[in-house]
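What the coordinates show
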Amino acid sequence: MSTRLDPLTLPLRGSRLIEASAGTGKTWTIAALYLRLVLGHGDHGTREPRALLPAQILVMTFTRAATRELSSRIRERLIDAARLFRDPAALAASGDAFVQALAADCADEAARSRAAHRLALAAEGEADVAVCLEPALETEAAPVERLRPRQVVYGGSFINRIG
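Residues numbered from 1 in each chain as written. Predicted model: local features only at pLDDT ≥ 70, side-chain atom pairs only at ≥ 80, totals over all residues. Heavy atoms only, no water.

Focus on the overall build of the protein
In plain terms, the rule: Secondary structure is summarised from DSSP: a helix means a run of H or I of at least four residues, a strand means a run of E of at least two, and numbering begins at the N terminus for each. Accessibility here uses a 1.4 Å probe with only protein chains present; expressed as a share of the type maximum, an area under 20% marks a residue as buried, one over 50% as exposed, and anything in between as partly exposed. A contact between two residues is defined here by any heavy atoms of the two lying within 4.5 Å. Accessible surface is estimated by sampling points in the Shrake-Rupley manner with a 1.4 Å probe; for residues, cover comes only from the protein chains shown.
Along its length, the protein carries five helices and five strands. The order of helices and strands in the protein, counted from the N terminus, is β-α-β-α-α-α-α-β-β-β. The buried share of the protein, taken over its 163 residues, is 43%. The contacts of the protein with a sequence gap of at least 6 include a subset with a gap of at least 24, amounting to 68%. Split by element, the accessible area of the protein, about 8,800 Å² in all, is 55% carbon and sulfur.

Observations concerning the pattern of salt bridges
Side chains carrying opposite charge are able to pair once their charged atoms draw close together. Convention followed: The term salt bridge refers to a side-chain nitrogen of Lys or Arg lying within 4 Å of a carboxyl oxygen of Asp or Glu.
Taken as a whole and judged by the stated rule, the model has three salt bridges. Across the salt bridge formed by Glu69 and Arg73, the nearest N and O atoms sit 3.2 Å from each other. In this pair, Glu69 and Arg73 are both assigned in helix α2 (residues 64-86), four residues apart and thus about one turn of the helix distant. Its relative accessible area of 35% is what places Arg73 among the partly exposed residues.

Here we look at the packing of aromatic side chains
The following threshold applies: Only Phe, Tyr and Trp rings are paired, with Trp represented by its six-membered ring, and only when their centres lie within 6.5 Å; those with planes under 30 degrees apart are stacked, over 60 edge-to-face, the remainder tilted.
Considering all chains together, one arrives at one aromatic pair under this definition. The interplanar angle of 70 degrees and the centroid separation of 5.5 Å between the aromatic rings of Trp28 and Phe98 together place this pair among those described as edge-to-face. With Trp28 in helix α1 (residues 26-39) and Phe98 in helix α4 (residues 97-104), the pair connects residues that are 70 residues apart, well separated along the chain. You can call Trp28 partly exposed: its relative accessible area is 38%. The exposure class of Phe98 is buried, given its relative accessible area of 6%.

Description of the environment of Ala82
In this fold, Ala82 is placed in helix α2. With relative accessibility at 3%, the residue Ala82 sits in the buried group. Separated by 30 residues in sequence, Ala82 and Arg112 have C-alpha atoms that sit 9.2 Å apart. In this structure, Ala82 is in contact with Ala116, Leu119 and Ala120, ignoring residues within four places of it in sequence.

Quick look at the nonpolar core
Quick reminder of the rule: Here, nonpolar core means buried Ala, Val, Leu, Ile, Met, Phe, Trp, Tyr and Cys residues that are tied together by side-chain atoms lying within 4.5 Å of each other.
Core analysis: the largest hydrophobic core is formed by 35 residues, its most contacted members being Leu35, Ile74, Leu78, Phe85, Val99 and Leu119. Only α1, β2 (57-61), α2, α3 (88-94), α4 and α5 (109-128) provide two or more residues apiece to this core. The leading source of residues in this core is α1, at nine residues.

With respect to the confidence of the model for the protein
Segments scoring low in pLDDT should not have their predicted coordinates read at a detailed level. In plain terms, the rule: Per-residue confidence from the prediction method is given by pLDDT, with values spanning 0 to 100.
Put simply, the protein has an average pLDDT of 77, and 73% of its residues get 70 or more. Throughout residues 139-152 the model reports pLDDT below 50, and contacts reaching past four residues in sequence, or to other chains, amount to 47 contacts.

Some thoughts on the side chain of Arg36
Selection criterion: Counted as positive: Lys and Arg. Counted as negative: Asp and Glu, with His and the chain ends omitted from the count. Whenever two N or O atoms come within 3.5 Å, that pair is a polar contact, provided that in protein one can donate a hydrogen and the other can accept it, and provided that, for residues adjacent in sequence, both atoms are side-chain atoms.
Within the secondary structure, Arg36 is located in helix α1. One buried charged side chain, Arg36, makes no salt bridge at all; its nearest oppositely charged neighbour is Asp6, positioned 7.1 Å away. There is a polar contact of 2.7 Å between the side chain of Arg36 and the backbone oxygen of Leu10. For Arg36, the contacting residues outside a window of four places in its chain are Pro7, Leu8, Thr9, Leu10, Leu12, His41, Gly42, Phe98 and Leu102.

Notes on the layout of surface pockets
Rules: A cavity here means a set of points on a 1 Å grid, drawn over the protein atoms and nothing else, where a 1.4 Å probe fits but cannot get out; a pocket is an open set with protein on both sides within 12 Å along at least five of seven lines, and a residue lines either one if it has an atom within 4 Å of a point. Grid points are joined across faces, edges and corners, and a volume is the space filled by probe spheres set on the points. Think of it as three bins: nonpolar holds Ala, Val, Leu, Ile, Met, Phe, Trp, Tyr, Cys and Pro, charged holds Asp, Glu, Lys and Arg, and polar takes everything else, Gly as well.
For the second largest pocket, the calculated volume is near 240 Å³. Lining the second largest pocket are 13 residues, and of these Leu39, Gly40, His41, Asp105 and Cys106 lie nearest its centre. For the lining of the second largest pocket, the element with the most residues is α5, which contributes three residues. A breakdown of the residues in the lining of the second largest pocket according to their chemical character gives seven nonpolar, three polar and three charged.

Shown next as structure tokens:
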């Protein structure tokens, strides 16, 4: 029996296996989980002890084309979320329930502003990192050990790394 995954509440600690068929929103879900990792979002028992930097997150897929697509979609999601966090009117009008929920968890406008800054920096880091975040977005055959990320999203599996 399958369970519907909620990327807003999925625990980011521990191991999780996520299996999904084509066209079910895996890329959207991976980008959503990436945002949560960058923001350090979640309850104390379900998230990393601190927000993560892009170099601490490894996302793996099976082809170079999929890697480029996923990298682009994550970057777009980071940029868009940063913009929405900075503009409450645009956030309210966006219809993006996921980002609205993340923003609602910020204690106040200053916390939202810090979160927006963190998201924007993550997007810049990802764009810069053809070498640094490209290793954080690798194909299956790439040597994973050269990076020591705290979290790995791999072919639909969410794996907690010890390092």
